[in-house]
Amino acid sequence: MDAFSALPAGMLVHILEFVPLTHRLQSCSLVSSSWAAAAAAATSSIIVGTEYTRRLRSDRISSLDQYTIHHGHFITSLTLATTADCELSQLPCPHLRELVVWYGRVQLSTLLSSLTRLTSLQLFACEVRGGARQLTALTALPDLQHLGLSIRGRVELDKGSSLQGDAASTAAIDAWGRSIPAPGGLFSQLTQLTQLFLYSADVGTFRHFSCLTKLQGLSMRELGAECAAGLTALQSLAQLTRLAITQADFPISMETVPAIAALTGLRSLQLSLCRMGVDPAVLGPLSQLQELDISFSELLGGPAGMSVLLAWLPKVQHLTHLAISGHQWGMQLGGLSQQAVGGRGAVLALPPQAYSAFTASTALQHLELSFMDVPAAAWEHIFPAGRQLPSLTTFCREQDSDSLAGTLLQSQHISCIARCCCNLQSLQLPSSVQQGACMQPLLQLPNLQELVIDSGVVQSREAFAVLLHLATLTALQLCSDAGLPSSSLQQLTALRQLRFLDVQFASWELHSQVCVQSGGTP
(Lines give C-alpha, C1' and ligand atoms only; values in the text may rest on other atoms or scores of the structure.)
Protein backbone atom coordinates (compact mmCIF):
# COMPACT_ATOMS: atom_id res chain seq x y z
CA MET A 1 0.00 0.00 0.00
CA ASP A 2 1.42 3.38 -1.02
CA ALA A 3 1.35 6.46 1.18
CA PHE A 4 -1.40 8.11 -0.88
CA SER A 5 -3.78 5.21 -0.30
CA ALA A 6 -3.71 5.94 3.42
CA LEU A 7 -4.88 9.52 2.91
CA PRO A 8 -8.51 10.51 3.58
CA ALA A 9 -10.56 10.53 0.40
CA GLY A 10 -11.09 14.29 0.56
CA MET A 11 -7.34 14.93 0.83
CA LEU A 12 -6.58 12.81 -2.26
CA VAL A 13 -9.25 14.70 -4.24
CA HIS A 14 -7.68 18.00 -3.22
CA ILE A 15 -4.21 16.84 -4.31
CA LEU A 16 -5.44 15.61 -7.68
CA GLU A 17 -7.03 18.98 -8.40
CA PHE A 18 -3.49 20.27 -8.99
CA VAL A 19 -2.68 17.52 -11.51
CA PRO A 20 -3.24 18.45 -15.20
CA LEU A 21 -6.56 17.13 -16.43
CA THR A 22 -5.16 14.72 -19.02
CA HIS A 23 -2.86 13.01 -16.50
CA ARG A 24 -5.56 13.07 -13.86
CA LEU A 25 -8.09 11.16 -15.98
CA GLN A 26 -5.83 9.00 -18.10
CA SER A 27 -3.05 8.08 -15.67
CA CYS A 28 -4.20 8.65 -12.11
CA SER A 29 -7.50 6.89 -12.77
CA LEU A 30 -5.64 3.67 -13.61
CA VAL A 31 -3.94 3.36 -10.21
CA SER A 32 -6.94 1.92 -8.39
CA SER A 33 -10.70 2.25 -8.09
CA SER A 34 -10.31 4.74 -5.22
CA TRP A 35 -7.95 6.85 -7.31
CA ALA A 36 -10.36 6.72 -10.24
CA ALA A 37 -13.18 7.99 -8.02
CA ALA A 38 -10.96 10.73 -6.58
CA ALA A 39 -9.83 11.83 -10.07
CA ALA A 40 -13.45 12.11 -11.20
CA ALA A 41 -14.44 14.01 -8.05
CA ALA A 42 -11.54 16.42 -8.63
CA THR A 43 -12.96 17.25 -12.08
CA SER A 44 -16.26 18.79 -11.06
CA SER A 45 -15.69 21.98 -13.09
CA ILE A 46 -14.65 21.64 -16.76
CA ILE A 47 -14.67 23.57 -20.01
CA VAL A 48 -15.17 22.17 -23.48
CA GLY A 49 -14.87 24.27 -26.57
CA THR A 50 -13.06 25.55 -29.59
CA GLU A 51 -9.31 25.98 -29.92
CA TYR A 52 -9.62 29.57 -28.66
CA THR A 53 -11.49 28.71 -25.47
CA ARG A 54 -9.20 25.76 -24.77
CA ARG A 55 -6.31 28.18 -24.45
CA LEU A 56 -8.12 29.95 -21.62
CA ARG A 57 -8.01 27.06 -19.14
CA SER A 58 -6.09 23.82 -18.79
CA ASP A 59 -9.05 21.81 -17.47
CA ARG A 60 -10.63 20.65 -20.67
CA ILE A 61 -11.73 17.39 -22.25
CA SER A 62 -11.83 16.29 -25.87
CA SER A 63 -15.07 14.29 -25.79
CA LEU A 64 -17.99 15.60 -23.75
CA ASP A 65 -20.24 12.62 -24.46
CA GLN A 66 -17.65 10.05 -23.43
CA TYR A 67 -16.80 11.85 -20.20
CA THR A 68 -20.34 12.65 -19.06
CA ILE A 69 -21.52 9.08 -19.61
CA HIS A 70 -18.95 7.79 -17.14
CA HIS A 71 -18.44 10.75 -14.81
CA GLY A 72 -21.37 13.12 -15.39
CA HIS A 73 -22.68 12.65 -11.85
CA PHE A 74 -19.53 14.38 -10.53
CA ILE A 75 -19.82 17.50 -12.68
CA THR A 76 -21.24 20.58 -10.94
CA SER A 77 -19.96 23.30 -13.31
CA LEU A 78 -19.70 23.10 -17.11
CA THR A 79 -18.79 25.61 -19.82
CA LEU A 80 -19.40 24.71 -23.48
CA ALA A 81 -18.15 26.74 -26.43
CA THR A 82 -19.35 25.08 -29.61
CA THR A 83 -19.98 25.94 -33.24
CA ALA A 84 -23.19 27.54 -34.48
CA ASP A 85 -24.49 24.28 -35.96
CA CYS A 86 -23.83 22.15 -32.88
CA GLU A 87 -26.97 20.62 -31.34
CA LEU A 88 -27.31 20.43 -27.55
CA SER A 89 -30.34 18.57 -26.25
CA GLN A 90 -29.20 16.57 -23.23
CA LEU A 91 -26.48 16.38 -20.61
CA PRO A 92 -26.27 13.40 -18.24
CA CYS A 93 -25.14 15.59 -15.34
CA PRO A 94 -27.87 15.36 -12.66
CA HIS A 95 -25.89 17.39 -10.11
CA LEU A 96 -24.97 20.23 -12.47
CA ARG A 97 -25.35 23.61 -10.76
CA GLU A 98 -23.72 26.01 -13.25
CA LEU A 99 -23.98 25.82 -17.05
CA VAL A 100 -22.56 28.24 -19.63
CA VAL A 101 -23.17 27.65 -23.37
CA TRP A 102 -21.56 29.69 -26.13
CA TYR A 103 -23.12 29.47 -29.60
CA GLY A 104 -24.86 26.34 -30.81
CA ARG A 105 -28.48 25.26 -31.11
CA VAL A 106 -30.17 24.45 -27.83
CA GLN A 107 -33.23 22.25 -27.31
CA LEU A 108 -34.03 24.08 -24.11
CA SER A 109 -37.04 22.16 -22.77
CA THR A 110 -35.36 18.78 -23.35
CA LEU A 111 -32.03 19.96 -21.97
CA LEU A 112 -33.41 21.42 -18.76
CA SER A 113 -35.69 18.47 -17.98
CA SER A 114 -32.73 16.60 -16.46
CA LEU A 115 -30.92 19.62 -15.01
CA THR A 116 -33.38 20.60 -12.31
CA ARG A 117 -30.65 21.59 -9.82
CA LEU A 118 -29.27 24.45 -11.90
CA THR A 119 -28.67 27.65 -9.99
CA SER A 120 -26.84 29.46 -12.80
CA LEU A 121 -27.56 29.32 -16.56
CA GLN A 122 -25.96 31.50 -19.22
CA LEU A 123 -26.74 31.18 -22.91
CA PHE A 124 -24.54 33.40 -25.08
CA ALA A 125 -25.21 33.80 -28.81
CA CYS A 126 -27.26 30.61 -28.78
CA GLU A 127 -30.13 29.68 -31.04
CA VAL A 128 -33.01 28.29 -28.98
CA ARG A 129 -35.09 25.85 -30.97
CA GLY A 130 -38.66 27.10 -31.05
CA GLY A 131 -37.66 30.72 -30.46
CA ALA A 132 -38.06 32.91 -27.41
CA ARG A 133 -41.31 31.22 -26.41
CA GLN A 134 -39.27 28.15 -25.41
CA LEU A 135 -37.70 30.21 -22.63
CA THR A 136 -40.72 29.33 -20.51
CA ALA A 137 -38.87 26.08 -19.81
CA LEU A 138 -36.75 28.12 -17.39
CA THR A 139 -39.67 28.21 -14.97
CA ALA A 140 -39.05 24.50 -14.26
CA LEU A 141 -35.80 25.40 -12.45
CA PRO A 142 -36.84 26.21 -8.87
CA ASP A 143 -33.29 27.04 -7.70
CA LEU A 144 -32.29 29.27 -10.64
CA GLN A 145 -30.75 32.49 -9.33
CA HIS A 146 -28.33 33.62 -12.06
CA LEU A 147 -29.62 33.94 -15.63
CA GLY A 148 -27.82 35.23 -18.72
CA LEU A 149 -29.61 35.41 -22.07
CA SER A 150 -28.17 36.23 -25.47
CA ILE A 151 -30.56 34.47 -27.84
CA ARG A 152 -29.92 34.72 -31.55
CA GLY A 153 -32.40 34.27 -34.38
CA ARG A 154 -31.60 32.26 -37.48
CA VAL A 155 -33.07 33.49 -40.76
CA GLU A 156 -32.50 31.18 -43.71
CA LEU A 157 -31.83 32.80 -47.08
CA ASP A 158 -34.57 32.47 -49.65
CA LYS A 159 -33.77 29.79 -52.22
CA GLY A 160 -34.40 32.35 -54.93
CA SER A 161 -31.86 34.77 -53.52
CA SER A 162 -29.45 36.20 -56.06
CA LEU A 163 -26.65 36.26 -53.46
CA GLN A 164 -23.92 33.75 -54.05
CA GLY A 165 -20.61 32.71 -52.56
CA ASP A 166 -19.12 34.98 -49.89
CA ALA A 167 -21.99 37.46 -50.18
CA ALA A 168 -24.50 34.75 -49.31
CA SER A 169 -22.40 33.58 -46.37
CA THR A 170 -22.11 37.13 -45.03
CA ALA A 171 -25.86 37.69 -45.32
CA ALA A 172 -26.54 34.45 -43.46
CA ILE A 173 -24.17 35.41 -40.66
CA ASP A 174 -25.74 38.86 -40.30
CA ALA A 175 -29.22 37.36 -40.16
CA TRP A 176 -28.16 34.81 -37.57
CA GLY A 177 -26.54 37.52 -35.48
CA ARG A 178 -29.73 39.38 -34.63
CA SER A 179 -30.61 39.30 -30.94
CA ILE A 180 -34.08 38.27 -29.83
CA PRO A 181 -35.41 40.14 -26.75
CA ALA A 182 -36.57 38.00 -23.87
CA PRO A 183 -40.37 38.10 -23.39
CA GLY A 184 -41.28 40.27 -20.43
CA GLY A 185 -43.83 37.78 -19.10
CA LEU A 186 -41.00 35.35 -18.40
CA PHE A 187 -39.79 37.39 -15.44
CA SER A 188 -43.14 37.29 -13.69
CA GLN A 189 -42.43 33.58 -13.13
CA LEU A 190 -38.73 33.83 -12.26
CA THR A 191 -39.12 35.81 -9.07
CA GLN A 192 -36.24 33.97 -7.38
CA LEU A 193 -33.58 35.51 -9.69
CA THR A 194 -30.77 37.43 -8.04
CA GLN A 195 -28.57 38.03 -11.13
CA LEU A 196 -29.81 38.77 -14.68
CA PHE A 197 -27.91 39.44 -17.91
CA LEU A 198 -29.81 40.47 -21.06
CA TYR A 199 -28.09 40.95 -24.40
CA SER A 200 -31.13 42.53 -26.01
CA ALA A 201 -34.39 44.02 -24.76
CA ASP A 202 -37.46 45.92 -25.86
CA VAL A 203 -40.13 47.84 -24.00
CA GLY A 204 -42.03 44.64 -23.23
CA THR A 205 -38.99 43.14 -21.53
CA PHE A 206 -39.33 45.54 -18.58
CA ARG A 207 -43.07 45.08 -18.13
CA HIS A 208 -42.73 42.59 -15.28
CA PHE A 209 -39.47 43.76 -13.74
CA SER A 210 -41.37 44.68 -10.59
CA CYS A 211 -41.74 40.93 -9.94
CA LEU A 212 -37.96 40.53 -9.57
CA THR A 213 -37.97 41.57 -5.95
CA LYS A 214 -34.78 39.61 -5.13
CA LEU A 215 -32.71 40.90 -8.05
CA GLN A 216 -29.32 42.19 -6.92
CA GLY A 217 -27.40 42.38 -10.20
CA LEU A 218 -28.62 43.49 -13.65
CA SER A 219 -26.58 43.76 -16.85
CA MET A 220 -28.07 44.86 -20.20
CA ARG A 221 -26.51 45.30 -23.64
CA GLU A 222 -27.70 46.70 -26.97
CA LEU A 223 -30.64 48.75 -25.74
CA GLY A 224 -32.53 50.55 -28.50
CA ALA A 225 -33.89 54.07 -28.13
CA GLU A 226 -37.35 52.69 -27.29
CA CYS A 227 -35.96 51.06 -24.12
CA ALA A 228 -35.36 54.39 -22.38
CA ALA A 229 -39.02 54.60 -21.33
CA GLY A 230 -39.00 51.01 -20.08
CA LEU A 231 -36.08 51.66 -17.75
CA THR A 232 -38.42 53.47 -15.36
CA ALA A 233 -39.03 49.94 -14.05
CA LEU A 234 -35.58 50.03 -12.46
CA GLN A 235 -36.90 52.03 -9.53
CA SER A 236 -38.95 49.00 -8.43
CA LEU A 237 -35.78 46.91 -7.92
CA ALA A 238 -35.19 47.79 -4.29
CA GLN A 239 -32.50 45.11 -3.76
CA LEU A 240 -30.42 46.09 -6.81
CA THR A 241 -26.75 46.70 -5.95
CA ARG A 242 -25.07 46.17 -9.36
CA LEU A 243 -26.20 47.74 -12.65
CA ALA A 244 -24.47 47.63 -16.04
CA ILE A 245 -25.77 49.28 -19.21
CA THR A 246 -23.68 48.79 -22.35
CA GLN A 247 -24.30 50.07 -25.88
CA ALA A 248 -27.42 52.13 -25.25
CA ASP A 249 -28.83 54.10 -28.19
CA PHE A 250 -30.07 56.94 -26.00
CA PRO A 251 -28.33 59.45 -23.72
CA ILE A 252 -28.00 58.44 -20.08
CA SER A 253 -29.35 61.56 -18.37
CA MET A 254 -31.82 62.72 -15.74
CA GLU A 255 -34.34 63.40 -18.50
CA THR A 256 -34.16 59.99 -20.17
CA VAL A 257 -33.30 57.62 -17.31
CA PRO A 258 -34.12 59.33 -13.98
CA ALA A 259 -34.58 55.91 -12.35
CA ILE A 260 -30.80 55.42 -12.12
CA ALA A 261 -30.45 58.35 -9.74
CA ALA A 262 -33.17 56.79 -7.57
CA LEU A 263 -31.17 53.59 -7.02
CA THR A 264 -29.47 54.78 -3.86
CA GLY A 265 -28.61 51.19 -2.90
CA LEU A 266 -26.29 50.74 -5.90
CA ARG A 267 -22.75 49.70 -5.12
CA SER A 268 -21.56 49.08 -8.69
CA LEU A 269 -22.47 51.04 -11.84
CA GLN A 270 -21.22 50.53 -15.41
CA LEU A 271 -22.24 52.85 -18.25
CA SER A 272 -19.96 51.88 -21.13
CA LEU A 273 -20.10 52.29 -24.92
CA CYS A 274 -23.24 54.41 -24.62
CA ARG A 275 -23.34 55.97 -28.07
CA MET A 276 -25.31 59.09 -27.11
CA GLY A 277 -23.26 59.94 -24.04
CA VAL A 278 -23.63 60.05 -20.25
CA ASP A 279 -24.65 63.03 -18.15
CA PRO A 280 -22.60 62.97 -14.90
CA ALA A 281 -25.60 64.57 -13.14
CA VAL A 282 -27.20 61.10 -12.87
CA LEU A 283 -24.40 60.18 -10.47
CA GLY A 284 -25.25 62.96 -8.01
CA PRO A 285 -27.29 60.95 -5.45
CA LEU A 286 -25.11 57.82 -5.77
CA SER A 287 -22.45 58.72 -3.22
CA GLN A 288 -22.47 55.15 -1.86
CA LEU A 289 -20.97 53.66 -5.04
CA GLN A 290 -17.97 51.38 -4.67
CA GLU A 291 -17.38 50.65 -8.37
CA LEU A 292 -17.84 53.03 -11.32
CA ASP A 293 -17.05 52.30 -14.97
CA ILE A 294 -17.69 54.98 -17.62
CA SER A 295 -15.60 53.56 -20.45
CA PHE A 296 -15.94 54.85 -24.01
CA SER A 297 -19.11 56.78 -23.20
CA GLU A 298 -18.65 60.48 -23.83
CA LEU A 299 -19.54 62.80 -20.98
CA LEU A 300 -22.31 65.12 -22.12
CA GLY A 301 -21.15 68.71 -22.01
CA GLY A 302 -17.50 67.96 -22.76
CA PRO A 303 -15.21 69.85 -20.31
CA ALA A 304 -18.24 70.98 -18.31
CA GLY A 305 -19.30 67.35 -17.90
CA MET A 306 -15.82 66.37 -16.78
CA SER A 307 -15.87 69.24 -14.31
CA VAL A 308 -19.14 67.93 -12.82
CA LEU A 309 -17.64 64.43 -12.53
CA LEU A 310 -14.47 65.68 -10.85
CA ALA A 311 -16.52 67.70 -8.35
CA TRP A 312 -18.60 64.62 -7.49
CA LEU A 313 -15.81 62.05 -7.05
CA PRO A 314 -14.47 63.37 -3.69
CA LYS A 315 -17.94 62.75 -2.21
CA VAL A 316 -17.66 59.02 -2.94
CA GLN A 317 -15.36 57.96 -0.12
CA HIS A 318 -16.02 54.22 -0.47
CA LEU A 319 -15.01 54.01 -4.14
CA THR A 320 -12.73 51.02 -4.75
CA HIS A 321 -12.86 50.67 -8.57
CA LEU A 322 -12.81 53.58 -11.04
CA ALA A 323 -12.56 53.25 -14.83
CA ILE A 324 -12.92 56.37 -16.96
CA SER A 325 -11.59 55.60 -20.42
CA GLY A 326 -12.03 56.71 -23.98
CA HIS A 327 -12.73 60.39 -23.30
CA GLN A 328 -10.77 61.89 -26.16
CA TRP A 329 -12.45 65.21 -26.73
CA GLY A 330 -13.42 65.79 -30.32
CA MET A 331 -13.70 62.11 -31.29
CA GLN A 332 -16.90 61.18 -33.09
CA LEU A 333 -18.98 58.81 -30.98
CA GLY A 334 -22.63 57.98 -31.41
CA GLY A 335 -23.41 61.11 -33.37
CA LEU A 336 -21.85 63.51 -30.86
CA SER A 337 -20.15 66.31 -32.75
CA GLN A 338 -16.93 68.03 -31.81
CA GLN A 339 -18.93 71.11 -30.91
CA ALA A 340 -21.21 69.12 -28.60
CA VAL A 341 -18.33 67.82 -26.49
CA GLY A 342 -16.56 71.15 -26.30
CA GLY A 343 -13.93 70.78 -29.00
CA ARG A 344 -10.53 69.15 -29.21
CA GLY A 345 -8.29 70.12 -26.32
CA ALA A 346 -10.96 72.10 -24.45
CA VAL A 347 -10.66 69.80 -21.44
CA LEU A 348 -7.08 70.96 -20.99
CA ALA A 349 -8.52 74.28 -19.73
CA LEU A 350 -9.49 72.56 -16.47
CA PRO A 351 -6.96 73.28 -13.71
CA PRO A 352 -4.49 70.40 -13.19
CA GLN A 353 -5.35 70.15 -9.48
CA ALA A 354 -8.95 69.30 -10.36
CA TYR A 355 -7.81 65.88 -11.50
CA SER A 356 -6.78 64.96 -7.96
CA ALA A 357 -10.40 63.82 -7.61
CA PHE A 358 -9.48 60.61 -9.47
CA THR A 359 -7.66 59.38 -6.36
CA ALA A 360 -9.75 61.19 -3.72
CA SER A 361 -11.04 57.92 -2.27
CA THR A 362 -8.61 56.38 0.21
CA ALA A 363 -10.26 53.01 -0.43
CA LEU A 364 -9.36 53.03 -4.15
CA GLN A 365 -7.99 49.67 -5.35
CA HIS A 366 -8.36 49.80 -9.14
CA LEU A 367 -7.84 52.86 -11.36
CA GLU A 368 -8.03 52.96 -15.16
CA LEU A 369 -7.50 56.19 -17.10
CA SER A 370 -6.94 55.05 -20.68
CA PHE A 371 -7.36 56.80 -24.03
CA MET A 372 -8.43 60.07 -22.47
CA ASP A 373 -7.12 63.60 -22.22
CA VAL A 374 -5.26 64.16 -18.96
CA PRO A 375 -2.93 67.18 -18.89
CA ALA A 376 0.70 66.29 -18.22
CA ALA A 377 0.70 68.67 -15.23
CA ALA A 378 -2.25 66.81 -13.68
CA TRP A 379 -0.36 63.59 -12.88
CA GLU A 380 1.48 65.19 -9.97
CA HIS A 381 -1.94 65.97 -8.46
CA ILE A 382 -3.41 62.55 -9.18
CA PHE A 383 -0.41 60.98 -7.43
CA PRO A 384 0.78 63.79 -5.09
CA ALA A 385 4.13 63.62 -3.34
CA GLY A 386 2.82 63.86 0.21
CA ARG A 387 0.08 61.26 -0.05
CA GLN A 388 -0.11 57.49 0.17
CA LEU A 389 -2.62 55.26 -1.62
CA PRO A 390 -1.98 52.00 0.20
CA SER A 391 -5.09 50.28 -1.13
CA LEU A 392 -4.38 50.91 -4.84
CA THR A 393 -3.17 47.64 -6.34
CA THR A 394 -4.03 48.13 -10.05
CA PHE A 395 -3.37 51.09 -12.35
CA CYS A 396 -3.95 51.08 -16.12
CA ARG A 397 -2.96 53.87 -18.49
CA GLU A 398 -3.13 53.15 -22.21
CA GLN A 399 -2.81 56.03 -24.62
CA ASP A 400 -2.52 56.82 -28.28
CA SER A 401 0.63 58.90 -28.65
CA ASP A 402 -0.49 60.25 -32.00
CA SER A 403 -3.82 61.71 -30.86
CA LEU A 404 -2.84 62.69 -27.30
CA ALA A 405 0.54 64.25 -27.92
CA GLY A 406 0.10 66.91 -25.24
CA THR A 407 -1.13 64.62 -22.47
CA LEU A 408 1.45 61.83 -22.38
CA LEU A 409 2.49 60.12 -19.18
CA GLN A 410 6.18 60.92 -18.70
CA SER A 411 8.97 59.14 -16.86
CA GLN A 412 8.85 61.50 -13.86
CA HIS A 413 5.21 60.58 -13.40
CA ILE A 414 6.15 56.92 -12.93
CA SER A 415 8.16 58.07 -9.92
CA CYS A 416 5.03 59.75 -8.54
CA ILE A 417 3.06 56.53 -8.99
CA ALA A 418 5.74 54.39 -7.32
CA ARG A 419 6.02 56.82 -4.42
CA CYS A 420 2.27 56.97 -3.72
CA CYS A 421 1.31 53.36 -4.50
CA CYS A 422 3.75 51.19 -2.60
CA ASN A 423 1.40 48.18 -2.75
CA LEU A 424 0.81 48.29 -6.50
CA GLN A 425 0.52 44.75 -7.89
CA SER A 426 -0.70 45.27 -11.48
CA LEU A 427 0.46 48.04 -13.82
CA GLN A 428 -0.16 48.87 -17.48
CA LEU A 429 2.10 51.50 -18.99
CA PRO A 430 2.07 53.36 -22.32
CA SER A 431 5.01 53.12 -24.69
CA SER A 432 6.10 56.70 -23.93
CA VAL A 433 7.76 55.61 -20.65
CA GLN A 434 9.41 52.37 -21.69
CA GLN A 435 12.85 53.54 -22.72
CA GLY A 436 15.96 53.16 -20.60
CA ALA A 437 16.00 54.93 -17.25
CA CYS A 438 12.29 55.73 -17.54
CA MET A 439 11.60 52.24 -16.19
CA GLN A 440 13.83 52.63 -13.12
CA PRO A 441 11.02 53.77 -10.75
CA LEU A 442 9.41 50.34 -11.14
CA LEU A 443 12.12 48.97 -8.87
CA GLN A 444 10.44 50.92 -6.05
CA LEU A 445 7.37 48.66 -6.28
CA PRO A 446 8.17 45.64 -4.07
CA ASN A 447 4.82 43.94 -4.70
CA LEU A 448 4.53 44.32 -8.49
CA GLN A 449 3.26 41.02 -9.94
CA GLU A 450 1.66 41.87 -13.31
CA LEU A 451 3.00 44.23 -15.95
CA VAL A 452 1.54 45.15 -19.35
CA ILE A 453 3.91 47.08 -21.60
CA ASP A 454 4.88 47.60 -25.23
CA SER A 455 7.20 44.94 -26.66
CA GLY A 456 9.76 47.63 -27.52
CA VAL A 457 11.00 47.35 -23.94
CA VAL A 458 12.68 44.07 -24.85
CA GLN A 459 14.88 45.87 -27.39
CA SER A 460 15.99 48.52 -24.87
CA ARG A 461 18.95 47.23 -22.86
CA GLU A 462 18.38 49.54 -19.89
CA ALA A 463 14.64 48.89 -19.76
CA PHE A 464 15.06 45.14 -20.04
CA ALA A 465 17.56 45.24 -17.17
CA VAL A 466 14.77 46.63 -15.00
CA LEU A 467 12.56 43.67 -15.88
CA LEU A 468 15.32 41.29 -14.81
CA HIS A 469 15.39 42.86 -11.35
CA LEU A 470 11.63 42.77 -10.72
CA ALA A 471 11.83 39.70 -8.48
CA THR A 472 8.11 39.61 -7.64
CA LEU A 473 6.97 39.88 -11.28
CA THR A 474 5.07 36.72 -12.24
CA ALA A 475 3.00 37.84 -15.27
CA LEU A 476 4.18 39.88 -18.26
CA GLN A 477 2.15 40.90 -21.30
CA LEU A 478 3.86 42.47 -24.30
CA CYS A 479 1.74 44.40 -26.81
CA SER A 480 3.04 45.50 -30.18
CA ASP A 481 1.97 46.54 -33.66
CA ALA A 482 4.68 44.34 -35.13
CA GLY A 483 6.16 40.98 -34.31
CA LEU A 484 9.29 40.60 -32.23
CA PRO A 485 12.38 39.09 -33.84
CA SER A 486 13.44 35.63 -32.70
CA SER A 487 16.43 37.08 -30.83
CA SER A 488 14.11 39.18 -28.64
CA LEU A 489 11.82 36.24 -27.98
CA GLN A 490 14.80 34.18 -26.92
CA GLN A 491 15.91 36.99 -24.64
CA LEU A 492 12.64 36.68 -22.71
CA THR A 493 13.77 33.30 -21.40
CA ALA A 494 16.04 35.19 -19.00
CA LEU A 495 12.97 36.26 -17.01
CA ARG A 496 13.05 33.20 -14.76
CA GLN A 497 10.63 34.70 -12.25
CA LEU A 498 7.71 34.65 -14.73
CA ARG A 499 4.85 32.16 -14.55
CA PHE A 500 2.79 33.70 -17.33
CA LEU A 501 4.01 35.33 -20.53
CA ASP A 502 1.74 36.71 -23.23
CA VAL A 503 3.22 38.15 -26.42
CA GLN A 504 0.49 39.81 -28.46
CA PHE A 505 1.01 40.91 -32.02
CA ALA A 506 -1.40 43.10 -33.93
CA SER A 507 -0.67 40.86 -36.93
CA TRP A 508 -2.06 37.92 -34.92
CA GLU A 509 0.99 35.72 -35.12
CA LEU A 510 -0.75 33.22 -32.88
CA HIS A 511 1.74 30.48 -33.58
CA SER A 512 4.56 32.38 -31.92
CA GLN A 513 2.31 33.43 -29.04
CA VAL A 514 1.24 29.86 -28.27
CA CYS A 515 4.80 28.58 -28.55
CA VAL A 516 6.11 31.19 -26.12
CA GLN A 517 3.33 30.52 -23.60
CA SER A 518 3.92 26.77 -23.76
CA GLY A 519 7.69 27.04 -23.44
CA GLY A 520 8.41 25.97 -27.02
CA THR A 521 10.53 27.59 -29.70
CA PRO A 522 8.79 30.09 -32.00
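Small disclaimer: the values here were computed from a predicted structure and weren't measured.

**Remarks on the overall build of the protein**
Now for step 1: If you tally the helices and strands in the protein, you get 14 helices and 19 strands.
Now for step 2: For the protein, the proportion of its 522 residues judged to be buried stands at 48%.
Now for step 3: Across the protein, the fraction of contacts at a sequence separation of at least 24, relative to all contacts at a separation of at least 6, is 59%.
Now for step 4: When the accessible surface of the protein is totalled, it reaches about 23500 Å², and 52% of it is carbon and sulfur.

**Some details on the nonpolar core**
Now for step 1: Grouped together as the largest cluster of nonpolar side chains are 125 residues, with contacts concentrated most on L243, F358 and F383.
Now for step 2: No other element matches the five residues that helix α11 (residues 411–420) contributes to this core.
Now for step 3: If we ignore the near neighbours within four places in the chain, the residues touching L243 are L218, M220, L234, I260, L263, L266, S268, L269 and Q270.
Now for step 4: Core analysis: the next-biggest nonpolar cluster, separate from the first, contains eight residues, L12, L16, A39 and A42 among them.

**Some thoughts on helix α12 (residues 461–468)**
Quick reminder: α-helices carry 3.6 residues per turn. Residues three or four places apart thus point the same way.
Now for step 1: Those residues of α12 that sit buried are A463, F464, V466 and L467. The buried residues of α12 occupy an angular sector of 150 degrees when projected down its axis, which confines them to one face.

**Comments concerning a nonpolar patch on the surface**
Now for step 1: A cluster of nonpolar side chains, namely F4, L7, M11 and I15, defines an oily patch on the protein surface of about 310 Å² accessible area.
Now for step 2: Tracing the sequence through the fold places F4 in the segment before α1 (9–16).
Now for step 3: Overall, F4 belongs to the partly exposed group, its relative accessible area being 39%.

**Quick word on the pattern of salt bridges**
Should their charged atoms come close, side chains of opposite charge can pair.
Now for step 1: This model, assessed by the stated rule, comprises five salt bridges.
Now for step 2: R105 is paired through a salt bridge with E87; the nearest N and O atoms lie 3.7 Å apart. Placement of the pair is R105 in strand β5 (residues 105–106) and E87 in strand β3 (residues 87–88), with a sequence separation of 18 residues.
Now for step 3: Accessibility expressed as a relative area gives 41% for E87, which makes it partly exposed.
Now for step 4: Shared partners join several salt bridges into a network, and the residues in it are E87, R105, E127 and R129.

**Remarks on the side chain of S370**
Now for step 1: Note that S370 resides in the loop between β14 (366–368) and α10 (379–382).
Now for step 2: Of the residues examined, S370 reaches a relative accessible area of 1% and is grouped as buried.
Now for step 3: For S370, the contacting residues outside a window of four places in its chain are I324, S325, G326, C396, R397 and E398.

**What to know about the confidence of the model for the protein**
Now for step 1: On average, residues of the protein carry a pLDDT of 78, and 75% of them reach 70 or more.
Now for step 2: Ignoring residues within four places in sequence, the model shows residues 154–178, a span with pLDDT below 50, making 23 contacts including any to other chains.
Now for step 3: Taken as a whole, residues 401–406 scores under 50 in pLDDT and shows ten contacts with residues more than four places along the chain or in a different chain.

**Brief notes about the packing of aromatic side chains**
Now for step 1: Per the stated rule, a full pass over the model turns up eleven aromatic pairs.
Now for step 2: Their ring planes at 50 degrees and their centres at 6.1 Å tell us that W102 and Y103 sit as a pair that is tilted.
Now for step 3: Judged by its relative accessible area of 34%, W102 falls in the partly exposed class.
Now for step 4: A residue is classified by how much of its surface remains accessible, and Y103, at 37% relative accessible area, is partly exposed.
Now for step 5: When the ring of W102 is compared with that of F124, the centres are 4.6 Å apart and the planes differ by 35 degrees; the resulting orientation is tilted. Of this pair, W102 sits in strand β4 (residues 98–102) while F124 sits in strand β6 (residues 120–128), placing them 22 residues apart in sequence.
Now for step 6: The class of F124 is buried, set by a relative accessible area of 12%.
Now for step 7: Three or more aromatic residues joined by ring pairs make a cluster, and in this case those are W102, Y103, F124, F197 and Y199.

Rules behind the numbers
- Residues numbered from 1 in each chain as written.
- Predicted model: local features only at pLDDT ≥ 70, side-chain atom pairs only at ≥ 80, totals over all residues.
- Heavy atoms only, no water.
- Helix = DSSP H or I, 4+ residues; strand = E, 2+ residues; numbered from the N terminus.
- Buried < 20%, exposed > 50% of the residue type's maximum accessible area, 1.4 Å probe, protein only.
- Contact = heavy atoms within 4.5 Å.
- Areas by Shrake-Rupley, 256 points an atom, 1.4 Å probe, with all protein chains shown as cover.
- Core = buried A, V, L, I, M, F, W, Y, C linked by side-chain atoms within 4.5 Å.
- Arc of directions from axis to C-beta.
- Patch = residues over 30% accessible without salt bridge, like charges linked within 9 Å, V, L, I, M, F, W, Y side chains within 5 Å.
- Salt bridge = Lys/Arg side-chain N within 4 Å of Asp/Glu carboxyl O.
- pLDDT = per-residue confidence, 0-100.
- Phe/Tyr/Trp six-rings, centres within 6.5 Å; stacked < 30°, edge-to-face > 60°.

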